[in-house]
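One-letter residues, chain by chain:
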Amino acid sequence: MTRTIDFSKYSSIRIGPIVDVLLLDSISSLPDGYTLIGGANNLLVSPNPPKLAMLGKCFDFIRREENVLRVGGATPSGKILSFAKKHNLAGFELMQKLPGTLGGMVAMNAGLKEWEVFNDLIAIRTEKGWIKKEAIEHGYRFAHIEGIVYEATFTWKEGFDEALLAMFKKMRDNQPQHPSAGSCFKNPVGHYAGKLIEEAGLKGKRMGHMSFSEHHANFLVNLGGGSYEEALALIGLAKEEVFARFGIVLEEEIILL
Ligand SMILES: Cc1cc2nc3c(=O)[nH]c(=O)nc-3n(C[C@H](O)[C@H](O)[C@H](O)COP(=O)(O)OP(=O)(O)OC[C@H]3O[C@@H](n4cnc5c(N)ncnc54)[C@H](O)[C@@H]3O)c2cc1C
């Protein structure tokens, strides 16, 4: 089965073609030549992307099993946050305004400052079976996972923290409002990508309908009708300028497809 997706609407940065995406409705390996996507909140999809696949609806679930929370890979972050709030669960407050599916968040070890999805993770289930967190190499915005995250288990810990939620919300309030894919570059060790871009004179730099945000230089924003080519040109420019001025190589956090 496939689902027709218009990436200019589906992706958070609002760029991309209309493509038939293969739906994975049972636990199996990714077919050869396919690339997996989740909610497309960290993607920049080109006019000619590779063949794409995504998890089907049957992997959008949340269940309690004794003292463990079991979540499907296609479950959106907002749904997990609502569940945590309703059941007074701790550890999911960061999902406030952290857009994505569970699979995408685990694959990127998404997080905010010291709060990361891996913090309360117990294990993930891929087509190879269950893998405990301890066996997964992971760090800042990366997790070395071979295979597809079909589901994951988390510690069931009571105490939803409203104060933490309010803090995350406040941190988000000054984020750019235009469509984006979140941070464009990872923070190089000991530096902030946004500050480097700003010091290279590119804060607010515009090409066509794309720009590095005036509010937060590491957010590549779509001002309306922006294209893949414009986004790519800005990414290239930032890498060039930051390297020329500071000798630092910026690495994309955003994934180009
Ligand atoms: C406004 C905004 C703010 C953001 N703020 C933050 C932030 O503060 N911190 C942060 O970490 N991120 C942030 N992001 C980025 C985004 O929220 C995360 O990267 C999130 O994890 C993306 O999830 P997704 O389902 O959309 O994945 P996608 O963008 O679709 O895919 C991302 C990667 O995950 C892989 N993937 C997807 N599903 C699976 C699966 N089931 N199994 C294995 N691999 C999979 C894909 O192959 C791809 O490599 C922000 C994005 C936006 C738009």
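Higher on the page you've got the structure.
Residues numbered from 1 in each chain as written. Predicted model: local features only at pLDDT ≥ 70, side-chain atom pairs only at ≥ 80, totals over all residues. Heavy atoms only, no water.

Caption draft 1: Up close: the sheet that holds strand β3 (residues 34–36). With mixed pairing, the 4 strands of this open sheet are ordered in space as β1-β2-β5-β3. Of all the strands in the sheet, just β1 (2–6) and β3 have a single pairing partner and so form its edges. Strand-to-strand twist across the sheet, computed as the mean angle between neighbouring axes with direction ignored, equals 40°. In this structure, β3 lies alongside strand β5 (residues 51–55), joined through 3 bridges in parallel fashion. Paired with T35 across the two strands is L52, which belongs to β5. (Pairing = 2+ DSSP bridges. Helix = DSSP H or I, 4+ residues; strand = E, 2+ residues; numbered from the N terminus. Axes fitted to C-alpha atoms, helices over the stretch in contact; angles between N-to-C directions.)

Caption draft 2: Structural context of the side chain of R141. Mapped onto the fold, R141 is located in the loop between β12 (138–139) and β13 (142–143). In this structure, R141 is buried with no salt-bridge partner, the nearest side chain bearing the opposite charge being E116 at 4.1 Å. Within the structure, the side chain of R141 is placed 3.3 Å from the backbone oxygen of N109, a separation counted as a polar contact. Apart from residues lying up to four places away in sequence, R141 is in contact with M108, N109, A110, G111, L112, K113, E116, K186 and E253. (Buried < 20%, exposed > 50% of the residue type's maximum accessible area, 1.4 Å probe, protein only. Lys, Arg positive; Asp, Glu negative; His and termini not counted. Salt bridge = Lys/Arg side-chain N within 4 Å of Asp/Glu carboxyl O. Polar contact = N/O pair within 3.5 Å; in protein donor to acceptor, adjacent residues only side chain to side chain. Contact = heavy atoms within 4.5 Å.)

Caption draft 3: Representation of the site of the ligand. In the vicinity of the ligand lie 31 residues, with L36, P99, T101, G111 and R172 positioned nearest. In this structure, an oxygen atom belonging to the ligand sits 2.7 Å away from a side-chain N or O atom of T101. Within the backbone of M105, an N or O atom sits 3.4 Å from an oxygen atom of the ligand. Compared with its free state, where it exposes 980 Å², the ligand has 90% of that area covered by protein. Counting only elements with at least two residues in the shell around the ligand, the list comes to α3 (102–108) and β8 (111–112). (Near = heavy atom within 4 Å. Areas by Shrake-Rupley, 256 points an atom, 1.4 Å probe, with all protein chains shown as cover.)

Caption draft 4: Highlighting the layout of surface pockets. Empty space within the second largest pocket amounts to approximately 150 Å³. The wall of the second largest pocket is formed by 13 residues, among which H178, S213, E214, H215 and L223 lie closest to the centre. By residue class, the composition of the lining of the second largest pocket is 3 nonpolar, 8 polar and 2 charged. (1 Å grid on protein atoms, 1.4 Å probe; cavity = no way out; pocket = protein on both sides within 12 Å on 5 of 7 lines; lining within 4 Å. Points joined across faces, edges and corners; volume = space filled by probe spheres on them. Nonpolar A, V, L, I, M, F, W, Y, C, P; charged D, E, K, R; others polar.)

Caption draft 5: Representation of the environment of L69 within the structure. As for its position among the elements, L69 is in strand β7 (residues 68–72). Ignoring anything within four residues of it in the chain, the contact list for L69 reads I62, R63, F83, L89, F92, A152, T153, F154 and W156.

Caption draft 6: Helix α6 (residues 228–246), seen in detail. If you check α6, its first and last C-alpha atoms are 27 Å apart, about what 19 residues at 1.5 Å a residue would give, namely 27 Å. Residues Y228, E230, A231, L234, I235, L237, A238 and V242 constitute the buried set of α6. Where α6 is buried, its residues touch β4 (43–44), α5 (193–199), β15 (206–207), β16 (210–212), β17 (220–222) and β18 (255–256). Where α6 ends, the next residue or the one after it, G247, has phi of about 65°, a positive value. (Expected span 1.5 Å × (residues − 1).)

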